[in-house]
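# Chain and residue survey
One-letter residues, chain by chain:
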Amino acid sequence: MADTEELARGYTLANQTQQDTATFLLKKLNITRDMRVLDIGCGPGDITARIAELVGQNGSVVGIDPSKERIAIAINERAKPNISFQEGIAEDLSQFPTNSFDAIFVNSTLHWVQDQPTALKEFGRVLRSGGRLGISGGSGDFVAAHEKIKADILSRNPYSMYPEQSPPKFLKMLELIDLLDMAGFQEREIIRRKIVKSAEGADAMLNWLDTSSSGKTYGGIPLELRPKAREEMKREWDKLTTKDGIQMEMELLVTIAIRT
Ligand SMILES: C[S@@+](CC[C@H](N)C(=O)[O-])C[C@H]1O[C@@H](n2cnc3c(N)ncnc32)[C@H](O)[C@@H]1O
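Computed from a predicted model, the values in this text were never measured in an experiment.

Here the focus is the site of the ligand. Near the ligand lie 22 residues; those nearest to it are Gly41, Gly43, Ala90, Asn107 and Trp112. For the shell around the ligand, a count of residues per class yields nine nonpolar, 10 polar and three charged.

We now examine the packing of helix H8 (residues 202–212) against helix H9 (residues 226–239). At a minimum axis separation of 9 Å, H8 and H9 run at an interaxial angle of 125°. By the angle class used here, H8 and H9 are oblique. Considering only the axes of H8 and H9, their crossing is right-handed. On H9, the residues touching Ala202, Met205 and Leu206 of H8 are Arg230, Met233, Lys234, Trp237 and Asp238. Residue classes in the contact of H8 with H9 are distributed as five nonpolar, no polar and three charged.

Taking the UniProt record as the reference, the feature "domain: Methyltransferase" (unreviewed entry) is found at residues 32–145. Overall, residues 32–145 shows 28% helix and 31% strand. The separation of its end C-alpha atoms is 36 Å.

Looking along the chain, the bond that leaves Asn157 and enters Pro158 is cis, with omega of 0°. One non-glycine residue, Asn99, lies in positive phi territory at about 60°. Note on Asn99: 13 C-beta atoms within 10 Å, which makes it partly exposed. Look at Ser214: it is not a glycine, yet its phi comes out positive at around 55°.

In space, the seven strands of this open sheet follow the order S3-S2-S1-S4-S5-S7-S6, with mixed pairing throughout. A strand with exactly one partner marks an edge of an open sheet, and here the two such strands are strand S3 (83–87) and strand S6 (187–199). Neighbour to neighbour, the strand axes of the sheet diverge by 15° on average, direction disregarded. Where strand S1 (residues 36–40) meets strand S4 (residues 101–107), three bridges bridge the pair, whose relative direction is parallel. In the strand pairing of S4, Asp39 is matched with Phe105. Packed onto the sheet, helix H4 (residues 68–77) meets strand S2 (60–65) and S3 and runs at close to 160° relative to S3. Where helix H5 (residues 116–126) meets the sheet, it contacts S1, S4 and strand S5 (127–138), and its direction lies at approximately 145° from that of S5.

What counts and what doesn't
- Residues numbered from 1 in each chain as written.
- Predicted model: local features only at pLDDT ≥ 70, side-chain atom pairs only at ≥ 80, totals over all residues.
- Near = placed C-beta within 6 Å.
- Nonpolar A, V, L, I, M, F, W, Y, C, P; charged D, E, K, R; others polar.
- Axes fitted to C-alpha atoms, helices over the stretch in contact; angles between N-to-C directions.
- Helix = DSSP H or I, 4+ residues; strand = E, 2+ residues; numbered from the N terminus.
- Parallel < 35°, antiparallel > 145°, perpendicular 65-115°, else oblique.
- Left-handed = near helix turned anticlockwise from the far one by under 90°.
- Contact = placed C-beta atoms within 7 Å.
- UniProt positions renumbered as here; feature names shortened; annotations may be inferred.
- Buried ≥ 20, exposed ≤ 12 C-beta atoms within 10 Å, placed from the backbone.
- Pairing = 2+ DSSP bridges.

If you want it as structure tokens, here you go:
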């Protein structure tokens, strides 16, 4: 489904979890002054703006994202001489020359990339030799509660009549290793990282899921069925809500790889 301005704008108010995973990844990736960085799936650009601070005025960062709504917010609200944004996808970086970046940053995005082998090869092409690739995202070795609830509700009638066209692909550790090998990233560290996503309650959790996924919480179902599906999902989240709200365990795979 297409993104909307409301979801794109809502994301910047709800993305504390992604901001925290970005902080961890940025530290591991060791972004320093003067570097040229590519931010893949930059969304509305608030983390890209943090990268621009790290690289300083002699460095640069480019953010790309397929959502024109998110890129419009990024262009309008994060403009600086050392930062730029364009619509684009991880699978096709043909607008960038070979060896043109010192680091690539991919936070909470790789699971939405449909052709991951091609994307990894593109990362290898545009990184200079010795350049660093940092990826943080959900692990396919662990099924988080939001995935179980989505699968459960969308398997019910009538939603099961509308299969999702581009479902998220959370990579297992072994699949990620294969992809990195195929793309020539033999030198790497992969960390399995447990985090807890907190939300005040069902509405806050669904708002986070909707804005983070550009509405893909509801798979491929038609717009008019969404309110009913949301109510059914909300009932499942209510069951997991305690006096402290919702505490959802997640597992991330955090990769730092060197382009040899
Ligand atoms: C959860 S958001 C993460 C945004 C940002 N990286 C952050 O950490 O806040 C996922 C982003 O991936 C983008 N995306 C989806 N498919 C993509 C693709 N094929 N290539 C690049 N980005 C993609 C979405 O538009 C969305 O902005």
